[in-house]
Amino acid sequence: MSVFRKIILIFLVVVLYGCEIKRPESIRYGIDICNFCKMTIVDPKWGAEIITDKGKVLKFDVVECMISYYYTSIDTNKVHSMYTIDFTSPGNFIYAKQAKYIRTLQFPSPMGLNVISLKSFEDTVKLGLKNEYETLDWWEVVEKVKDEILQ
Ligand SMILES: [Zn+2]
């Protein structure tokens, strides 16, 4: 193998490794602290993460804390991706902008926005909702956080 090919190979390994580490990391419930409200993350049905362009993982107890942090505490150009926990499948992350959100008082969230994340609205049936609820997309959740938490 020529030196040139070796350099290309090393370059590819570095680039692929760099991509590899930009993934959500399991939240250690009862141990990890929310980067926005500084409370311990305790409920596995909720949780959210920001991954920076350097692969650093910032953890949050709920999606409203992640959105609040995004708009107040980080250079948004350095955010690589954002994830939320699937309410019906604790421990599993959903790409936050593609997640579907349900707002209901039946599942009050730790920070009071009362929004849960799902992979699809079809999963709403799994919730056994008795109360009234509202369906939201990512940008509608962002608007609620701006209006009700950040003002
Ligand atoms: Zn929080």
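Presented here is a report on the structure given in the accompanying data block. (Residues numbered from 1 in each chain as written. Predicted model: local features only at pLDDT ≥ 70, side-chain atom pairs only at ≥ 80, totals over all residues.)

## Things to note about the overall build of the protein
Under the convention used in this document: By definition, any uninterrupted DSSP run of H or I lasting at least four residues is a helix, any uninterrupted run of E lasting at least two residues is a strand, and each is numbered from the N terminus. To sort residues by burial, count the other C-beta atoms lying within 10 Å of each one's C-beta; a count of 20 or more means buried, 12 or fewer means exposed, and anything in between means partly exposed. C-beta atoms are built from the backbone. Think of it this way: build a C-beta for each residue from its backbone, and any pair within 7 Å is a contact.
Looking only at helices and strands, one finds 3 helices and 7 strands in the protein. Beginning at the N terminus, the succession of helices and strands in the protein can be written as α-β-β-α-β-β-β-β-β-α. Overall size of the protein, expressed as C-alpha extent along the three principal axes, is 70 × 30 × 30 Å. Counting only residues that meet the buried cut, the protein has 29% of its 151 residues in that class. Within the protein, residue pairs in contact and separated by at least 24 positions form 59% of the contacts whose partners lie at least 6 positions apart.

## As for the nonpolar core
Most often, soluble globular proteins keep nonpolar side chains buried together rather than apart. For the record, the criterion: Core membership is restricted to buried Ala, Val, Leu, Ile, Met, Phe, Trp, Tyr and Cys residues, and these are joined into a nonpolar core through C-beta atoms within 7 Å.
By size, the foremost hydrophobic cluster in this structure holds 32 residues, and its most contacted members are A48, F60, V63, C65 and M66. Those elements that place two or more of their residues in this core are strand 1 (48–52), helix 2 (63–72), strand 3 (79–85), strand 4 (93–95), strand 5 (100–103), strand 6 (115–118) and helix 3 (138–150). Apart from residues lying up to four places away in sequence, M66 is in contact with A48, I50, F60 and M82.

## A look at the sheet that holds strand 7 (residues 134–136)
Our working definition: A pair of strands is treated as paired once DSSP finds two or more bridges between them. Axes, fitted as lines to C-alpha atoms, cover a helix only where it is in contact. Angles between the N-to-C directions of the axes lie from 0 to 180 degrees.
Taken together, the 3 strands give an open sheet; going across it, the order is 6-5-7, and neighbouring strands pair in antiparallel fashion. For this open sheet the edge positions go to strand 6 and strand 7, each flanked by a neighbour on one side alone. Shown here is a sheet whose adjacent strand axes are inclined to one another by a mean of 30 degrees, direction ignored.

## Side note on the sheet that holds strand 2 (residues 57–60)
Read from one edge to the other, the open sheet built from 4 strands follows the order 2-1-3-4, with strand pairing classed as antiparallel. Both edges of this open sheet fall to strand 2 and strand 4, since each of them pairs with a single strand only. Each strand axis lies, on average, 25 degrees off the axis of its neighbour in the sheet, ignoring direction. Examined bridge by bridge, strand 3 and strand 4 share 3 bridges and lie antiparallel to one another. Note on strand 4: the bridge partner recorded for T84 is I94. Running over the sheet, helix 2 touches strand 1, strand 2 and strand 3 and is turned about 30 degrees from strand 1.

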